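Close look at the chain arrangement
Here are the chains, one letter per residue:
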Amino acid sequence: MKQQGHDPHSELRPNRRAVLMGAASAAALGTTGALGTFSGLALAQNNLRSQISQIPGVGKGAPTDADWQKVGELCLGPTRASVKEGEFKGVELSFMGLNNQNLHNLLFRGFLKPWEAYTGAKISWIDLAQADYNPRLQQAIATGTVDFDILEMGAPFEGDVCGKGLASEMPDWVKKQIDIDDYVDYLKPPVGTWNGKTYRVTIDGDCHNFNYRTDYFSDPALAKAWKDAGNQSEWGVPKTWQQVQAVTKFLKGKKIKGQNAYGYLDAPKPWGGFGFYFLASRASAYAKHPDDKAWLFDVDTMKPRINNPAWVRAIQDVIDALPSEPADQLNADPNTTGFQQFLAGIGSMIPWWGDIGQVAKASDTSVVGDVVGFDILPGSEDVYNSRTGKWDKLASGPNHAPNCAYLGWGIYVMARVASDERKHKAAWSAAAHLGGKDLSLWMVMYPSGFQAHRTSHFDFDEWVAAGYDRKYITSYLNSQRTSYNHPNRAVEPRIPGIFQYYSIAEDELTKIFAGRVDAQTGANNIAAAWEKLTDQIGREKQVALYKASLGV
């Protein structure tokens, strides 16, 4: 299950750590050996967190399946305390999740292999690409044919799954085992709960942060060209979307280090509903007013705001920027912008979840690990006020509204195991193992698809001890922590059908970005389709849940 072995694009990517990996990692594996040897070593360790953070060590090559198994074995202590060896022999579980970027499910396999060996349970896997995830889950919900016992799922789907009684309530022993109080505040209830009951083991925090190339914005030739072009401001990292647009258009036709220079990288291609978050990250500073918690729908009526001047402005920004972005950018989805462009050295600015910071430093697939900086998403010099229908300039300066997109992945156990006591305990034990406090530290430090989500993840010294440069990791973690705690953060609705809204929007946005309709017409089409969907689901119910999700 070595990552590169499953990656169809691996041959296209630079590999700056190949030599290091061949030497250091091989030596490390040679000394630690097979699982059993490492198991004995685990019992002798006094500092588990320090030990797992050195597997394989930042800058020593991308982690392999052997690394994931070692970490899983070392973190088995809580399982051993609550489950007898062989207690689940004969139990078979089905697990549905992503294989996005060859992470997620592949890591889970490695982490759970020692758990299976100890408990006796066996797990079969349903692997889904990101674009296929929402249709597959919605099909199971709509047809009542849930064919999995454990589900990797994001909180936005809780209205669809927990609201229909398809999930199993978390036992109290699991809450204790995973130290549920350690979650960062914005991921605490109501997130992970429905009707007051807890359903989710959180394994991920989510926000889009701003990733940029430090070498671009310290380049003296570009700085001179910027001034020569008549710009009054100093050449530097954009702090507003207006500046992002200006820099993106300026860089067209420029060179850096002999290569074509590019600014912002949009992701116009549909991505199973998940691509909508990338437009939302452009829109939040325009659309999320500090005096109004809502930004996607009117809170009392569920009337869509997608066609108001703020969202249309964000859509128009994409249209205006695309001619300055790489050729065929129209066919780039978020995976392309993050993993095949930015991390491969193409482009200077993208929004993304926390993956970029991990992969840039701890994967063979990145060539930019030494020249990446982080910040919260850019702000806007003005913000649209939906209540007055006017643009406001705030006395405090540019409006920032970090997009806390998706509320993180979690592990959920399905209600269908409830009638079988051993299967029920086994499923929750597997979920608790994956969501364990120590295991989570490794997942947020290394390429996994998951970002910091516990208070304990923000101990910068642990990251430095693992090999991260302090300046780098401070910038990275602060971009996330500031987003989570920002007073004007944009939190998405946790309501039934939310990915149906997003998928509808993606389809219409494709027509807009292809030039088939203008921004306002396309946005009006999205709004009309959203109104129909709200009526289908039940407007009164949606209004109540939307208010609850915003805390109003």
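Here, every reference points to the structure presented above.
Only a predicted model underlies this, so the values are computations on that prediction, with no experimental measurement involved.

This part takes up the overall build of the protein chain. Helix and strand counts for the protein chain come out as 22 helices and 16 strands. Taking 552 residues into account, the globule formula puts the C-alpha radius of gyration at 24 Å, and the protein chain, at 23 Å, falls close to it. Principal-axis analysis of the C-alpha atoms gives the protein chain an extent of 70 × 60 × 40 Å. Taking all 552 residues of the protein chain together, 59% fall into the buried category. Sequence separation of at least 24 residues holds for 77% of the intrachain contacts in the protein chain that already meet a minimum separation of 6. With the model as given, the accessible surface of the protein chain reaches about 20500 Å², and the carbon-plus-sulfur share is 51%. If you average the places of the 57 positive and of the 60 negative side-chain charges in the protein chain, the two averages end up 1 Å apart.

This part covers the sheet that holds strand β11 (residues 372-375). Here 3 strands make up an open sheet; going across it, the order is β10-β7-β11 and the pairing antiparallel. Each end of this open sheet is capped by a strand with a single partner; those strands are β10 (349-352) and β11. Adjacent strand axes in the sheet meet at a mean angle of 30 degrees, parallel and antiparallel pairs treated alike. Examined bridge by bridge, strand β7 (residues 209-213) and β10 share 4 bridges and lie antiparallel to one another. The partner of N209 across the bridge, within β10, is W352. Lying over the sheet, helix α15 (residues 355-362) contacts β7, β10 and β11, oriented at roughly 115 degrees with respect to β10.

Here the structure, examined in full by the defined rule, presents 31 salt bridges. With a shortest N-O distance of 3.9 Å, D317 and R282 are connected by a salt bridge. Of this pair, D317 sits in helix α13 (residues 309-321) while R282 sits in helix α12 (residues 276-287), placing them 35 residues apart in sequence. Each member of the pair D317 and R282 is classed as buried. Linking D382 and R313 is a salt bridge whose minimum nitrogen-to-oxygen distance equals 2.9 Å. With D382 in the loop between β11 and β12 (383-385) and R313 in helix α13, the pair connects residues that are 69 residues apart, well separated along the chain. Relative accessible area serves as the criterion here: at 23%, R313 is assigned to the partly exposed category.

Before going further, it helps to examine the packing of aromatic side chains. Counted under the stated rule, the structure contains 51 aromatic pairs. Note on Y216 and F217: the rings are 6.5 Å apart at their centroids and 45 degrees apart in plane angle, and the pair reads as tilted. Residue class for Y216 comes out buried when judged on its relative accessible area of 1%. Measuring from centroid to centroid gives 6.0 Å for Y406 and F499, while their planes differ by 75 degrees, and the two rings are edge-to-face.

Moving on: the nonpolar core. Nonpolar side chains in soluble globular proteins tend to end up buried together. Formed by 167 residues in total, the largest nonpolar core has its most connected members in Y133, L137, V201, F276, W311 and W442. In terms of residues, this core owes the most to one element, α12, which gives 9 residues. Contacts of W311, omitting those with residues within four sequence positions, involve F276, L279, A280, A283, A287, W295, L296, R305 and I306.

Definitions and cut-offs
Residues numbered from 1 in each chain as written. Predicted model: local features only at pLDDT ≥ 70, side-chain atom pairs only at ≥ 80, totals over all residues. Heavy atoms only, no water. Helix = DSSP H or I, 4+ residues; strand = E, 2+ residues; numbered from the N terminus. Rg over C-alpha atoms; globule rule 2.2 N^0.38 Å. Buried < 20%, exposed > 50% of the residue type's maximum accessible area, 1.4 Å probe, protein only. Contact = heavy atoms within 4.5 Å. Areas by Shrake-Rupley, 256 points an atom, 1.4 Å probe, with all protein chains shown as cover. Lys, Arg positive; Asp, Glu negative; His and termini not counted. Charge placed at Lys NZ, Arg CZ, Asp CG, Glu CD. Pairing = 2+ DSSP bridges. Axes fitted to C-alpha atoms, helices over the stretch in contact; angles between N-to-C directions. Salt bridge = Lys/Arg side-chain N within 4 Å of Asp/Glu carboxyl O. Phe/Tyr/Trp six-rings, centres within 6.5 Å; stacked < 30°, edge-to-face > 60°. Core = buried A, V, L, I, M, F, W, Y, C linked by side-chain atoms within 4.5 Å.

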